[in-house]
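# Structural features, examined
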Amino acid sequence: MQFLDRADAARQLAKALSPYADQHPLVLGVPRGGVPIAAIVAQALGGDLDVVLVRKLRSPDDEELAIGAVDESGNTFLLPDARIGDIESAYVEQERALQLETLRRRRAHLTPGRRGTRAQGRVVIVVDDGVATGASMRAALQAVRRQAPEKLVCAIPVAPREAVRELAHDADEVICLQVPLHFDAVGSFYRAFSQVGDDEVLAWLRDA
């Protein structure tokens, strides 16, 4: 089953998250594709919208393949294959530094003049448009966990079974609408899956 687009996935997620409607949650989108979904969810639940910024760490052999992720504080999450493989620690540190600088620029661009909304003591829902390896989402959840939220929820339209199991280690609750037996790519579960640019992300944040 495919979602029509991100708005369709967002409406379905909002319905699944309806028990949180009276708790004024903080809804954090993972840019870029998670932000349109997070914005619709936040509006439906009467919550606040912001972003949680993480960057994947790219494999030295394939830039599309994640070996882990880093958050804004520099905390690094590595997938098990990266930890036990032949990837040199010097490469990981170089990639980490590169992606951390990108995160600093993105924060200044997306939320100029302010830091991210504090999550301490709040119900926090972290949203993306889907998960493949789970590296970026796990890094995002771990970053939010360090801020001591009252409850931490991971909400995604689609993810492979193994990723859902791993995400459960980092969130108090994982809401995933589809857990297919055969997983190719996130975009294959949407009829329309256009690229989301920074201008669109800025517009959603500004409107919120």
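Residues numbered from 1 in each chain as written. Predicted model: local features only at pLDDT ≥ 70, side-chain atom pairs only at ≥ 80, totals over all residues. Heavy atoms only, no water.

Looking up the protein chain in an unreviewed UniProt entry gives the name Phosphoribosyl transferase, with the organism given as Pandoraea morbifera.

In this section: the side chain of aspartate 170. Mapped onto the secondary structure, aspartate 170 falls in the loop between α6 (161-167) and β8 (173-178). A distance of 3.1 Å separates a polar atom in the side chain of aspartate 170 from a polar atom in the side chain of glutamine 142. When residues no more than four places from it in sequence are discounted, the contact partners of aspartate 170 are Arg138, Leu141, Gln142, Arg145 and Leu152. (Helix = DSSP H or I, 4+ residues; strand = E, 2+ residues; numbered from the N terminus. Polar contact = N/O pair within 3.5 Å; in protein donor to acceptor, adjacent residues only side chain to side chain. Contact = heavy atoms within 4.5 Å.)

The subject of this paragraph is the domain arrangement of the protein chain. Domains assigned within the protein chain are domain 1 (6-53 + 116-207) and domain 2 (55-110). Using C-alpha coordinates to define each centre, domain 1 is positioned 21 Å away from domain 2. Across the contact, 18 residues belong to domain 1 and 14 residues belong to domain 2. Note on domain 1 versus domain 2: buried area summed over both sides is about 1,500 Å², and carbon and sulfur give 62% of it. When residues of domain 1 are sorted by the area they lose upon contact with domain 2, Leu53, Ala135 and Leu202 head the list and together hold 39% of the total. Counting every contact that joins domain 1 to domain 2 gives two salt bridges. Here aspartate 198 and arginine 106 are joined by a salt bridge, their closest N and O atoms 2.6 Å apart. Applying the counting criterion to the domain 1 and domain 2 interface returns two residue pairs in polar contact (both at pLDDT 80 or more). (Domains from an automatic or database assignment. Buried area = accessible area lost by both parts, 1.4 Å probe. Salt bridge = Lys/Arg side-chain N within 4 Å of Asp/Glu carboxyl O.)

Burial in helix α7 (residues 198-207) covers these residues: Asp198, Val201, Leu202 and Leu205. One side of α7 holds all its buried residues, which, seen down the axis, span an arc of 100 degrees. Residues of α7 that are exposed and point over 90 degrees away from its buried face: Asp199 and Asp207. (Buried < 20%, exposed > 50% of the residue type's maximum accessible area, 1.4 Å probe, protein only. Arc of directions from axis to C-beta.)

In this structure, Leu13, Leu17, Ile37, Val41, Ile125 and Val127 are the most contacted members of the largest nonpolar core, which totals 40 residues. Going through the elements one at a time, α1 (6-16), α2 (34-45), β2 (48-51), β4 (66-71), α4 (89-110), β6 (123-127), β7 (151-158) and α7 are the ones with two or more residues in this core. When residues of this core are assigned to their parent elements, the largest contribution, seven residues, is made by α2. Shared between two domains, this core holds at least three residues of each, these being domain 1 (6-53 + 116-207) and domain 2 (55-110). If you look at the next biggest cluster of nonpolar residues, it comprises 28 residues, including Ala119, Val126, Ala140 and Ala159. (Core = buried A, V, L, I, M, F, W, Y, C linked by side-chain atoms within 4.5 Å.)

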